Amino acid sequence: MDESGGSGQPRSGTDEATEHPAVPDATSAHPRSDRESAGDDNRPASTDPTDTTPINGPTDTVAWEKQPPSAGHSDRAGDAERSLAADAPAGQPDGPTAPSAARRGEGTDDPGPGPGGSGSGAQPPAGDGGPGPRPPQRAKGPGGGLLMGRPFGVPVYVAPSWFLVAALITWVFGGQLERVLPELGGARYLVSLFFAVAFYASVLVHELAHTVAALRFKLPVRRIQLQFFGGVSEIEKESETPGREFILAFVGPLLSLVLAGLFYLALWTVEPGTVPGVLLAGLMISNLIVAAFNLLPGLPLDGGRMLRAVVWKITGKPMTGTIAAAWVGRALAISVLIGLPLLTQSGALGGEAQDIGGMDTVMDALLAAILAAIIWTGAGNSLRMARLREHLPELRARALTRRAVPVQTDTPLSEALRRANDAGARALVVVDAHGEPLSIVREAAIVGVPEHRRPWVAVSGLAQDLTDGMRISAELAGEELLDVLRATPATEYLVVEESGEIYGVLSAADVERAFVKAMARPS
C-alpha cells in the first residue's frame, strides 16, 4: 500500500526551537479579495525604515487596531500593542512549545489493511491551533520501528506489531504442521517461524513493487513499513495521471501473483509431504490471498486505487474517483464484517463446515471485525486526504501575508508599533541602513514586553534572524508552499517578490487557520 505525510515546527526568536503550526486561515490572516490583491501585488512593503506612510502589503485592514479611532486616538501605539496582544495566540510562551504530530495516515498515515495496498496524501505543517479540526500531521522523521535496510534508498522499518503477528503465525502454522508433519515435534515452531519471516519477505516484495514504480514516476517515497496486517509504502505525492495511478496500484498485486507462480513451480521440484513442500505450498497460497485481497475494488486497497484511476479517467475528476472508491471500500468493510465469519463457518474457504458457536467462531468474528475496521478507516482517511489536496491550492502566500513595516535595529519597540499602526501593518521587519532585511520581530516576543518598557526596548532584541529558508516567494501556493514551510520550521517568514523586494511577513499560525477553514468547507 502507498501513503504519504509532515509537520512544521517553527523556532522562537531565540536560539531555542519552538514548535508552531504552518497551515492557514484566510479570515484570521485578513487576506484581501482577488481584486484587492491584484491592485496591491505589485507594490511591496516600503524599504525605507523611516517611512511612516501606509504601505501596500498583504492586508487591507489595520488588524492590530481593534478599538475605534475615537477610543484610542491619543495613544495609537498603545492601541497597536494591546491589539497585538489580543491577536497573539493565547498563552503562547516565548520558549519552546510541544508540537503536534502525523501522516501518516492519510491524515495520519493510512496504514491500509492486509499485506499491501495503496494510498497517498499530503500534509500541511503541524500547528498549535485551538479547538476544532486539526490538519493531518506526520512525525518529524521516517521512524516507525526497527530499521532493516534501505533498498533503492528507501528506509524499510518493521513495526513492533509485526512481532505480535509473527508469533501468531508461528503458533497457528505450527498447529497445522503438527497434523501434517507430526514427526517434527517441537521443531515445527522453528519451521513456522521461518514461514512467518518468508511470508513477510513476500509482503516486502509487494511493497517494493509500489516503491520502484513510484520512483520511476519521480514520486518521492518516505518509507516502507511492515506492520500487523501487512505493509505500507508511504508515497509523498499523488500520481499526476490516472494511468500512472493504475500502474502504481497494480504492480503490487502483480508481483504477489508472480511470487505465487514461482512457488508453484518450485513445488514440482520437491517431494510432497516434506518440510520444503509444505513451506512452498503455504507461501504460494498466502501470496495468492495477498494478491486477491488487495485487488478488491475499494480504498485503501490496491484494487480501490485502481478503481479510483478508472473513474478518474472516465470523469476527468480525481475527487470523483476517490469518492467512488472510498464508498465501495466502506461497503467492502461491511461485507467482510458479515461475510467472512459466515464463509468460514460454511466451509466455503476450504475448511470443514462448523457449527456456529465456540472459540473458532469468536476468533473468526474478531478477525473480520479488525479487517473491516481497518478497511473502513482507510476509506475514510482516503476521503479526507482527497479533500485536503482539493483545498490546498487555496493556500496562497500572497493572500495570507501580513503587511510589514521596515525598522532599523535600534528603533524602540513603541515607535515601531506606532509606525505599524499608522501603516495598517501587522508585522515588523528589521533592516540595515541600506534597507536590506536582517530579521523579523517575533509577535510572541512583543506580547511579552510590558507596555511601560517598550520605549526602552530595541526591536533587534525581539527579532529572529533570517535564514535562507525563512525567505519565501510571494508566488508560492498549495503543496509547494507547505513543503517550503516544512523545510525550515519557523513562526514567521519573510515574503519577497521575484525582484527581492519585501512583500510582507507570513505567520505560520495564519497558514494553519486558513487550512482549517478551507478543510471545513464542503467539497
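Up top is the structure these notes are about.
Below: a short report on this structure. Source: prediction; values computed, not measured. (Residues numbered from 1 in each chain as written. Predicted model: local features only at pLDDT ≥ 70, side-chain atom pairs only at ≥ 80, totals over all residues. Heavy atoms only, no water.)

A word on the pattern of salt bridges. Applying the stated criterion across every chain, the model contains 18 salt bridges. Lys237 is paired through a salt bridge with Asp483; the nearest N and O atoms lie 3.3 Å apart. You can see Lys237 sitting in the loop between β4 (230-235) and α6 (242-267) and its partner Asp483 sitting in helix α14 (residues 478-487), a full 246 residues away along the chain. In this structure, the salt-bridge partner of Asp483 is Arg486, at a minimum N-O distance of 2.8 Å. Residue Asp483 and its partner Arg486 are located together in helix α14, separated by 3 residues, close to a single helical turn. By relative accessible area, Asp483 is classed as partly exposed at 31%. With relative accessibility at 15%, the residue Arg486 sits in the buried group. Three or more residues are tied together by salt bridges with common partners; here these are Lys237, Glu479, Asp483 and Arg486. (Salt bridge = Lys/Arg side-chain N within 4 Å of Asp/Glu carboxyl O. Helix = DSSP H or I, 4+ residues; strand = E, 2+ residues; numbered from the N terminus. Buried < 20%, exposed > 50% of the residue type's maximum accessible area, 1.4 Å probe, protein only.)

Our next topic: the sheet that holds β4. Read from one edge of the open sheet, 4 strands run β1-β2-β3-β4, paired in mixed fashion. For this open sheet the edge positions go to β1 (146-149) and β4, each flanked by a neighbour on one side alone. Averaged over all adjacent pairs, the angle separating strand axes in this sheet is 25°, with direction ignored. With 3 bridges joining them, strand β2 (residues 156-158) and strand β3 (residues 221-227) adopt parallel strand pairing. Within β3, the residue paired with Val156 across the bridge is Ile224. Sheet strands in contact with helix α4 (residues 160-180) are β2 and β3, and its direction is about 30° off that of β3. (Pairing = 2+ DSSP bridges. Axes fitted to C-alpha atoms, helices over the stretch in contact; angles between N-to-C directions. Contact = heavy atoms within 4.5 Å.)

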